[in-house]
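Each chain is listed here by its residues.
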Amino acid sequence: MKRLALICVIPTLIYANSLKDLLDHAGSSNHMIASKILTEQSKMKDLDSAKNSYYPTIDIGGTYQNLNQKSTNTAGDIYSGYVSVGVDLYDGGYKSNVIDKNKALLESSKLQTSAYKKSLELSIVEDFYNIKNVESTIKALKEKGIQLEAELQRITQFYEVGSATKDEIDKLQAELSNNTYAIETSKYQLSSLKQILAIRVGQDIKELDDSTLQVPVFEEGELSDAIKAMVASADSYTYSAKSIESSYNPQITLKNTYTIYDYGRTDSTHPSNIPNQNKLLLSFSMKLYDNGVIKNKRDSLLLQKKALQEEIEQSIKNQNVNVKLAVLKIDTTRAQIRSAKKSLESAKSVYEKILEKYKVGVVDNVAYLDALSTKTNAQAQYDKALNDLQVAY
């Protein structure tokens, strides 16, 4: 896997959002993260409940009986109250396996939360630099628009004195209109990307600074948190199967109940001083036959575990391929940056030469517009390559 580390860059704008700030804010404001943290807390409660099941149970209760017409040897009013203490002496390993199952589910929940956070961070990074790409495109188009407007004004002046044709003005006006259309389209795209990022982060997105990422360190053989979560879930199936299978083992419980009595409307045939009673109960039970009910439940869980293990194996293969592709993407993007930089330098040089020739009438406006478009596209391509490298990291 690769790990991302952010380099804090001094913002170029006072109120610009840095990538680190956006990631930090998402960690505390994203509702899906909050949901997964609550799920973790739920799993912790399940684990605490399973651990507490080892402690004895204490119950209290009472009854009142009233007979409208009491009979011989029976009091008219009977009051009783009891306290009972019980404990499982042996449960065949059921409780220990339930605890282990809940430990595995808690670990899986924590890893799922971590995996989602990392996935969200990656999405935020991609959105951040996609926005930077669109902003670069808009900047390049605006610069092109300024040059087109200046040239259109210059040619219009020549046309007014008869030194230029209407056709030249129409071509420049058409190119300027197309450029304005492209700017408006890019602005809509920019607005859409910022809205998507705002939902992920949990705050409005205004300006972005020039944050960059460190070169990632790839750790061979380390499984992603998502895969680790699947492994923990697979372990929980094992413990669930064992807890169900424990039903075949002996069950021994001990229970002590102390009961006090009181009577009303008694006579000589039913004395009121009958002593209180203490009852100690030791019980033993063992399932001898259930027509395969327990066995089938256990086998069902083990089959679910095998199914999940197949998913784990496929996920590991996918991860290994993705790591290789990530390394290749970084190398490829670096090569694209070098190529785009040379292309931009050439495009700027050609544009300057064409512009000089165009001003003196050596070349027509078709060559000029082509050189201007090439320079604009080269600038946008170079900026995109730089941002794509950050996404690749």
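Here the structure is a predicted model, which is why all the values come from computation and not from measurement.

Peer 1: I'm lost on the overall build of the protein in this one. Help?
Peer 2: In terms of regular secondary structure, the protein is built from seven helices and eight strands. Taking 393 residues into account, the globule formula puts the C-alpha radius of gyration at 21 Å, and the protein, at 39 Å, lies well above it. Structurally, the protein occupies a C-alpha span of about 140 × 50 × 40 Å along its principal axes. The proportion of buried residues among the 393 residues of the protein is 35%. For the protein, long-range pairs separated by at least 24 residues make up 83% of all intrachain contacts whose partners lie at least 6 apart in sequence. Here the protein displays about 23600 Å² of accessible surface, and carbon together with sulfur accounts for 54% of that area. Across the protein, the 49 positively charged side chains and the 49 negatively charged ones have centroids separated by 4 Å.

Peer 1: In this structure, what is going on with the environment of Leu190? I would like to understand it.
Peer 2: Its location among the elements puts Leu190 in helix H4 (residues 166–201). Under the relative-accessibility criterion, Leu190 is labelled buried at 14%. Residues Leu190 and Lys132, 58 residues apart in the sequence, show an inter-C-alpha distance of 8.9 Å.

Peer 1: Would you explain the sheet that holds strand S3 (residues 57–66) in this entry?
Peer 2: The strand order S3-S4-S7-S8 describes an open sheet built from four strands, whose pairing is antiparallel. Sheet topology places S3 and strand S8 (277–285) at the edges, where each strand pairs with a single neighbour. Shown here is a sheet whose adjacent strand axes are inclined to one another by a mean of 20°, direction ignored. Two elements, strand S7 (residues 251–264) and S8, share nine bridges in a ladder whose sense is antiparallel. Bridging from a neighbouring strand, Gln251 pairs with Ser285 of S8.

Peer 1: I would appreciate a short explanation of the packing of helix H3 (residues 94–160) against helix H6 (residues 293–359) in the present structure.
Peer 2: Angle between the axes and distance between the axes are the two parameters that describe a pair of packed helices. H6 packs onto H3 with a crossing angle of 15° between their chain directions and a minimal axis gap of 13 Å. Here H6 runs roughly parallel to H3, going by the angle between their axes. Seen from above, H3 lies across H6 with right-handed handedness. Contacts between H3 and H6 involve Gln147, Glu151, Arg154 and Ile155 from the first element and Tyr351, Tyr358 and Lys359 from the second. Classifying every residue of the contact of H3 with H6 by side-chain character gives three nonpolar, one polar and three charged.

Peer 1: Any chance you could explain the pattern of salt bridges here in plain terms?
Peer 2: Two side chains carrying opposite charge are able to pair once their charged atoms lie near each other. Evaluation of the coordinates by the stated rule reveals twelve salt bridges. A salt bridge links Asp88 to Lys95, with the nearest nitrogen and oxygen atoms 2.9 Å apart. Its relative accessible area of 38% is what places Asp88 among the partly exposed residues. Residues joined in a network through salt bridges with shared partners are Glu245, Lys295, Arg298 and Asp299.

Peer 1: Honestly, the packing of aromatic side chains in this entry has me stumped. Any pointers?
Peer 2: Each aromatic ring pair is described using two quantities: the centre-to-centre distance and the angle formed by the ring planes. Inspection of every chain in the model, using the stated rule, returns two aromatic pairs. Both rings, one in Phe128 and one in Tyr129, keep their centres 5.0 Å apart while their planes meet at 70°; by these two values the pair is edge-to-face. When sorted by exposure, Phe128 lands in the same class as Tyr129, which is buried.

Peer 1: What is the right way to read the packing of H3 against H4 from this model?
Peer 2: Across the interface, H3 lies against H4 with an axial gap of 8 Å and an inter-helix angle of 160°. As summarised for this structure, H3 and H4 are arranged roughly antiparallel, according to the angle between their axes. When you trace H3 past H4, the crossing you get is left-handed. In the contact of H3 with H4, the residues fall into 20 nonpolar, nine polar and twelve charged.

Peer 1: Could you clarify how one ought to interpret the nonpolar core in this entry?
Peer 2: One recurring pattern in soluble globular proteins: nonpolar side chains tend to sit buried together. Ranked by size, the top nonpolar core spans 32 residues in total, and within it Leu19, Leu22, Ile124 and Leu197 carry the most contacts. Residue assignment for this core shows that the elements contributing at least two residues are helix H1 (19–29), H3, H4, H6 and helix H7 (365–392). When residues of this core are assigned to their parent elements, the largest contribution, eight residues, is made by H3. One finds Leu152, Ile155, Leu172 and Tyr351 within the second-largest nonpolar core, a separate group that totals 15 residues.

How each quantity is defined
- Residues numbered from 1 in each chain as written.
- Predicted model: local features only at pLDDT ≥ 70, side-chain atom pairs only at ≥ 80, totals over all residues.
- Heavy atoms only, no water.
- Helix = DSSP H or I, 4+ residues; strand = E, 2+ residues; numbered from the N terminus.
- Rg over C-alpha atoms; globule rule 2.2 N^0.38 Å.
- Buried < 20%, exposed > 50% of the residue type's maximum accessible area, 1.4 Å probe, protein only.
- Contact = heavy atoms within 4.5 Å.
- Areas by Shrake-Rupley, 256 points an atom, 1.4 Å probe, with all protein chains shown as cover.
- Lys, Arg positive; Asp, Glu negative; His and termini not counted.
- Charge placed at Lys NZ, Arg CZ, Asp CG, Glu CD.
- Pairing = 2+ DSSP bridges.
- Axes fitted to C-alpha atoms, helices over the stretch in contact; angles between N-to-C directions.
- Parallel < 35°, antiparallel > 145°, perpendicular 65-115°, else oblique.
- Left-handed = near helix turned anticlockwise from the far one by under 90°.
- Nonpolar A, V, L, I, M, F, W, Y, C, P; charged D, E, K, R; others polar.
- Salt bridge = Lys/Arg side-chain N within 4 Å of Asp/Glu carboxyl O.
- Phe/Tyr/Trp six-rings, centres within 6.5 Å; stacked < 30°, edge-to-face > 60°.
- Core = buried A, V, L, I, M, F, W, Y, C linked by side-chain atoms within 4.5 Å.

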